[in-house]
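# Results of the structural survey
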Amino acid sequence: MTPPVNRYETTEAWRAVDDYFCDRLVFEDEALKVARESGARTTMPNAEVAPNQGAFLALLAKIAGARRILEFGTLAGYSTIWFARAVGPSGLVVTFELEQQNAEVARRNFERAGVSAQIDLQVGLAAELADRLVASQPAPFDLVFIDADKPNNPAYLAASLNLTSPGAVIVIDNVVRDGAVVETDSGDARVDGVRAVTEQIAEHPDLEAMALQTVGVKGWDGLIIARRK
Ligand code: DHB
Ligand code: MG
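My aim in this report is to walk through the structure given alongside it, one point at a time.

Thresholds, definitions, all that
- Residues numbered from 1 in each chain as written.
- Chains lettered and ligands numbered in written order.
- Predicted model: local features only at pLDDT ≥ 70, side-chain atom pairs only at ≥ 80, totals over all residues.
- Heavy atoms only, no water.
- Donors = N, O, S within 2.8 Å, 3.2 Å for Na, K, Ca; no water.
- Helix = DSSP H or I, 4+ residues; strand = E, 2+ residues; numbered from the N terminus.
- Buried < 20%, exposed > 50% of the residue type's maximum accessible area, 1.4 Å probe, protein only.
- Near = heavy atom within 4 Å.
- Polar contact = N/O pair within 3.5 Å; in protein donor to acceptor, adjacent residues only side chain to side chain.
- Areas by Shrake-Rupley, 256 points an atom, 1.4 Å probe, with all protein chains shown as cover.
- Nonpolar A, V, L, I, M, F, W, Y, C, P; charged D, E, K, R; others polar.

The coordination sphere of the magnesium ion (ligand 2), as far as protein atoms go, consists of Asp147 (OD), Asp173 (OD) and Asn174 (OD1), spread over 2.0 to 2.1 Å. All donors of the magnesium ion (ligand 2) belong to a single chain; written as a sequence motif, their spacing is D-x25-D-N. Of the two residues, Asp147 is situated in the loop between β4 (141-146) and α7 (153-161) and Asp173 in strand β5 (residues 164-173); the sequence distance between them amounts to 26 residues. Taking the relative accessible area as the measure of exposure, Asp147 reaches 14% and is therefore buried. The buried category is assigned to Asp173, whose relative accessible area is 6%.

Turning our attention to the environment of His204. Tracing the sequence through the fold places His204 in the loop between α8 (189-203) and β6 (207-216). When the C-alpha positions of His204 and Thr164 are compared, they lie 15 Å apart, and in sequence the two are 40 residues distant.

Before going further, it helps to examine the site of ligand 1. Ligand 1 sits among Met44, Ala47, Asp147, Lys150, Asp173, Asn174, Arg177 and Arg190. The contact in question runs from an oxygen atom of ligand 1 to an N or O atom on the backbone of Ala47, over 2.6 Å. Interatomic distance of 3.0 Å between a side-chain N/O atom of Arg177 and an oxygen atom of ligand 1. Computed on the free molecule, ligand 1 has an accessible area of 290 Å², of which 77% lies beneath the protein chains in the complex. The residue makeup of the shell around ligand 1, split by class, is two nonpolar, one polar and five charged.

Below, the structure written as structure tokens:
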């Protein structure tokens, strides 16, 4: 077992720094703000990315020149809106959501943000939706954001490899989990899902990747950023 981390001495400082940089660098219009706050009406309140993380994902999509993005886990569609704006009116974001309740919240958010035309929201089991998408032989996706049920991370990465080409970027959310990622005996299937997908990436000859730890309003967590060679 790894020693517990005292989070309570630090979260206030992390929050103040997030507030400072968000105030200076991250512009959230009313539609994004409402979408973020509507996370409270989903089945997983507070699981959406933070404003600076949404801005980070949008910057990454733009740096990668992404036109087609695939997202596992829509929730209220907060990150989806950031992506839709990054790809622009001629781009596409396909996003998978399990819960009808969340999908309804997300649809209203897409309308309010004016991005419905760029978004294909599909409701159901992401693994099945991904299989169906693979079978339809779509044009390759430039960027994939895996942010759904963590135990299925390995299945979502496998599907992503069938839906992308060399140069594609694959981002996986919530891979640090308050440091629990280093525990081999956490008894938490979400941690096991992160560790399994990390091994999958480590052993895949066509993937290069790193993991970035993050602190801030969402506590201590992080992202894996992978690229297909
Ligand atoms: C969890 C999932 C998320 O996507 C997130 O951003 C935060 C937490 C979770 O499964 O606990
Ligand atoms: Mg997440």
